[in-house]
Amino acid sequence: MISLGCPRNLVDSEVILGSLKKRGFLIKDSFEDGVDIGIINTCAFLRSAREESVDTISQAIQLKGEGRIKYLVVCGCLGQLYKEKLLKGLSKVDLVLGTNDFFKIADLIKGLAPNKRQAVVSDKLDYLYSENSPRFSLTPAHYAYVKIIEGCSNFCSYCIISRLRGKSRSRTIESILKEIGGLAKDSVLKEINLIGQDTTFFGMDRSKRSELAKLLREISKLKNNVRWVRILYTHPAHYTSDLIRTIREEERVCKYLDLPTQHSSDKILKAMNRGTTRKELTALIEKLRKDIPGIVLRTSIIVGFPGESDKDFKELLDFIRVTRFERLGAFLYSKEEGTKAARFKNQIPEREKQARFDEVMKLQQRISSDINSAFLGKEIEVLIDEEVAGESDRFLGRTQGDAPEVDGTVFVTGSNLKPGEFYQVKIKDTLEYDLVGEAI
Ligand code: SF4
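Here's what I pulled together on the structure shown here. Values in this document were obtained by computation on a predicted structure and should not be read as measured data.

Reading the values: rules and limits
Residues numbered from 1 in each chain as written. Predicted model: local features only at pLDDT ≥ 70, side-chain atom pairs only at ≥ 80, totals over all residues. Heavy atoms only, no water. Pairing = 2+ DSSP bridges. Helix = DSSP H or I, 4+ residues; strand = E, 2+ residues; numbered from the N terminus. Axes fitted to C-alpha atoms, helices over the stretch in contact; angles between N-to-C directions. Contact = heavy atoms within 4.5 Å. Buried < 20%, exposed > 50% of the residue type's maximum accessible area, 1.4 Å probe, protein only. Near = heavy atom within 4 Å. Nonpolar A, V, L, I, M, F, W, Y, C, P; charged D, E, K, R; others polar. Core = buried A, V, L, I, M, F, W, Y, C linked by side-chain atoms within 4.5 Å.

Our next topic: the sheet that holds strand S12 (residues 296-303). Here 6 strands make up an open sheet; going across it, the order is S6-S9-S10-S11-S12-S13 and the pairing parallel. At either margin of the open sheet sits one strand with a lone partner, and together these are strand S6 (143-147) and strand S13 (327-332). Averaged over all neighbouring strand pairs, the angle between strand axes comes to 20°, with direction disregarded. Relative to strand S10 (residues 228-231), strand S9 (residues 191-195) runs parallel, the two being bridged by 4 bridges. Across the sheet, Ile 192 pairs through a bridge with Val 229, a residue of S10. Helix H10 (residues 241-249) rests against S10 and strand S11 (253-258) of the sheet, and its axis sits at about 135° to S11. Lying on the sheet, helix H13 (residues 310-323) is in contact with S12 and S13; it crosses S12 at an angle near 170°.

And the structure:
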């Protein structure tokens, strides 16, 4: 299997492989030396992601042509978006599955036969995996992703997620606690990353009030070796005082928040349908920093949104300069077919979008470098993720302020450090986004 896209898709991939393993299939970690079934779990969020998915499928089709893949299965968001059209466009694909159909894969694979090609893609997007869904872990044993909510009902004007994943639907707190109990039973699990399209919307589809704080308190009561409970993919419009207090008070909850702001100009935030304003964003960030000492804030920003004037962009730069996010990812606005924003006037030329992206990242590089420099000589706690290949005394790790795969790395020297263990590290050098230190 090749799993593309975000951690939410990765959890689906783990459920796909878990259900196949449970039915006796042998899971191989590459196509290279031949497989009966090749699976590509695709992403379709942006045009660039769709292109990457089609490229990956094309490479697998080539391997199929060389006899190294017998049947080719495409699932995930590209399958949901294009359905049967994918079969027509990619003649060597045998089975296409939608984002609400992948749990049927074991039975459908048993029915595969030459020239019996099909697309199983439901329009009714209501599937939710549970603690009973078998998972085949695709992450290092010491951290895992737990999807607490599926779909999204925010309908940001530039986003196609709700078409691919349906409206927001939360799992039950009981189901999530049981799943974590299962994941943590062998005691190597140290970090849980709570994910969804909008984790702060958790419970709001059933009780109009966010239940995320309650979930965090319940997770914190569980008896296991988990030390870090991290919240990813929040939405600034869905924070509550209860949530902020719970993050501060619950020791196991990381003092880290992924808070996509996307922009700061009220005109653009309105056009994006983000349901927030610069004043509200600023007030929320001030409250988070005042109420949760040492909080690390990660944000995502979109540049080049239709109608973004020089004045709007200057305001965005000013917001980034003043707010000084510890972590920031920027994206060029991508005109997505079928979205409201795609029909907006004043689309920004690609060259101008790229220039604005470069300016934002240049500014953030300075801010991040400056923030990192304050760690020089400090001793901090680091979770080791892996040993650097071929170098027995060099390791890659993360602080509590670094989510897996997206944020900074701590380059650690030390002897006999074990991946999945925490160590005190003295910082010897600081880089723009990373730190360098010695285990003590
Ligand atoms: S919050 Fe907005 S951008 Fe994020 S998945 Fe939902 S609709 Fe898309």
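Attention now goes to the pairing of S9. The buried fraction of S9 is high, at 5 of 5 residues. Alternating residues of S9 divide into Glu 191, Asn 193 and Ile 195 and Ile 192 and Leu 194, and every residue in both groups is buried. Bridge count for S6 against S9 is 5 bridges, and the pairing is parallel. Bridge assignment links Val 146 to a residue of S9, and that residue is Leu 194.

Take the site of the ligand next. Lining the immediate environment of the ligand, one finds Cys 152, Asn 154, Phe 155, Cys 156, Tyr 158, Cys 159, Ile 161, Gln 197 and Arg 274. Across the shell around the ligand, the residue classes break down as 6 nonpolar, 2 polar and 1 charged.

Relative to strand S17 (residues 422-430), strand S14 (residues 379-387) runs antiparallel, the two sharing 5 bridges. Looking at the pairing, Glu 381 lines up with Gln 424 of S17. As judged from the 4 bridges shared by S14 and strand S15 (residues 394-398), these two strands associate in the antiparallel manner. Its bridge partner being in S15, Glu 386 is matched across the sheet by Leu 396.

One recurring pattern in soluble globular proteins is that nonpolar side chains are buried together. Counting residues in each nonpolar core, the largest one holds 88 residues, and the members touching the most others are Ile 39, Ile 148, Leu 194, Leu 215, Leu 216, Leu 288 and Val 360. If you tally residues by element for this core, the top one is helix H1 (residues 7-22), at 6 residues. Setting aside anything within four residues of it in sequence, one finds Ile 39 in contact with Met 1, Ile 2, Ile 16, Leu 20, Phe 31, Val 73, Cys 75 and Ile 105. Counting 24 residues, the second largest nonpolar core, distinct from the first, contains Ala 44, Ile 61, Val 93 and Val 121.

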